[in-house]
Amino acid sequence: MPPLVSSPRASVSAPSRREARRRQTHAALIDSAMRLLSTRGFDATTVDEIAASAGISRRTLFRYFPTKADIVTAWAQNMTDVLTASVESCPETFGPREIIRTALEAVVPEMAENRAEAFAFVYLIERTPALLSVSLRKYARWEEALAAALASRLPRSPDQALAARVAARSAIAAFRTALDEWIRLKGRPALVPILRKVLVLQADLLALPA
């Protein structure tokens, strides 16, 4: 699946054929493993089954990923890369709310090739106790990327950096709430409208007079 946005940190030179094949195998392995893990369950799936589903040997699998959790971490890292690139490419005219909405929505199309798989992958990482640390690290990195972008867009004040962190963490809370609602609805509706609804509710509630 082609990335929604290109990272400005990407090398301008084309990768070698060997590197291109390695990246292709890496991506294909993640897709194959995520489908299997989300279907059979993280704990019930063996490393040998993952290798077989990807058409590679156990030894080759370990060259790419030492553990099953590392595969899910790699999938989550792709989401982080997309969010970070989206934040960095936001025009200077974008305010905090536009940055947050744009960055969070950019992640959704990159989850999987279709809604059913995206839901299965999200359910896997959000509802598997063994993957809690993976999920939390992902959100922590999202917060860092958002906070860094927002810090330069907020009004100058002694609390500018603190305000950026508050806004970033609030944004991640909204995204996680949208995922919870999506899971409650069993992935039937599209995720983006739910996310937009949650962001609007959040903004409206915080705007209420004390």
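Residues numbered from 1 in each chain as written. Predicted model: local features only at pLDDT ≥ 70, side-chain atom pairs only at ≥ 80, totals over all residues. Heavy atoms only, no water.

(A) Here's a closer look at the pattern of salt bridges. Applying the stated criterion across every chain, the model contains 13 salt bridges. With a closest N to O distance of 3.9 Å, R101 and E105 form a salt bridge. With R101 and E105 both in helix α5 (residues 96–107) and four residues apart, the pair spans about one turn of that helix. On the basis of relative accessibility, which here comes to 34%, the residue R101 falls in the partly exposed class. Given a relative accessible area of 12%, E105 falls into the buried group. Each of E19, R22 and R23 takes part in salt bridges that share partners, so that together they form one network. (Salt bridge = Lys/Arg side-chain N within 4 Å of Asp/Glu carboxyl O. Helix = DSSP H or I, 4+ residues; strand = E, 2+ residues; numbered from the N terminus. Buried < 20%, exposed > 50% of the residue type's maximum accessible area, 1.4 Å probe, protein only.)

(B) Seen up close, the nonpolar core. Counting residues in hydrophobic clusters, the biggest one holds 61 residues, and the most contacted among them are V72, W75, L83, L104, M111 and W142. Sorting the residues of this core by element identifies α1 (17–40), α2 (47–54), α4 (68–88), α5, α6 (115–127), α7 (132–151), α8 (160–184) and α9 (191–206) as the ones contributing at least two each. Looking at which element gives the most residues to this core, the answer is α8, with 10 residues. Other than its neighbours up to four places away in sequence, M111 contacts W75, M79, A118, F121, V122, F175, L179 and L191. (Core = buried A, V, L, I, M, F, W, Y, C linked by side-chain atoms within 4.5 Å. Contact = heavy atoms within 4.5 Å.)

(C) Local environment of the layout of surface pockets. Estimated volume of the second largest pocket: approximately 360 Å³. Forming the walls of the second largest pocket are 14 residues, and the residues nearest its centre are R97, I100, L199, Q202 and A203. Secondary structure elements with two or more residues in the lining of the second largest pocket: α5, α8 and α9. Per-element tally for the lining of the second largest pocket: the top contributor is α9, with six residues. (1 Å grid on protein atoms, 1.4 Å probe; cavity = no way out; pocket = protein on both sides within 12 Å on 5 of 7 lines; lining within 4 Å. Points joined across faces, edges and corners; volume = space filled by probe spheres on them.)

(D) Geometry of a nonpolar patch on the surface. Side chains of L201, L205 and L208 sit close together on the surface and give an oily, nonpolar patch of about 310 Å² of accessible area. Note that L201 resides in helix α9. (Patch = residues over 30% accessible without salt bridge, like charges linked within 9 Å, V, L, I, M, F, W, Y side chains within 5 Å. Areas by Shrake-Rupley, 256 points an atom, 1.4 Å probe, with all protein chains shown as cover.)

(E) Highlighting α7. With 20 residues, α7 should reach 28 Å at 1.5 Å per residue; the first-to-last C-alpha distance of 28 Å fits that figure. On its buried side, α7 packs onto α4, α5, α6 and α8. (Expected span 1.5 Å × (residues − 1).)

(F) Representation of unusual backbone geometry. In the Ramachandran plot, K186 falls in the positive-phi region, its phi being about 60° despite a non-glycine side chain. The residue K186 is located in the loop between α8 and α9 in this model. Exposure remark for K186: the relative accessible area of 57% places this residue in the exposed category.

(G) Here's a closer look at the environment of R137. Position of R137 relative to the elements: it lies in helix α7. Residue R137 is classed as partly exposed on the basis of its relative accessible area, which comes to 37%. Each C-alpha atom, one on R137 and one on Q77, is 9.5 Å from the other, the two residues being 60 residues apart in sequence.

(H) Looking closely at the packing of α6 against α8. Here α6 crosses α8 at 115°, and the two axes come no closer than 11 Å. Taken together, α6 and α8 sit at an angle that is classed as roughly perpendicular. Here α6 runs over α8; the crossing is left-handed. Note on element contacts: α8 touches α6 through L179, D180, W182 and I183, opposite R115, A118, F119, V122, Y123, E126 and R127. Taken together, the residues of the contact of α6 with α8 sort by class into seven nonpolar, no polar and four charged. (Axes fitted to C-alpha atoms, helices over the stretch in contact; angles between N-to-C directions. Parallel < 35°, antiparallel > 145°, perpendicular 65-115°, else oblique. Left-handed = near helix turned anticlockwise from the far one by under 90°. Nonpolar A, V, L, I, M, F, W, Y, C, P; charged D, E, K, R; others polar.)

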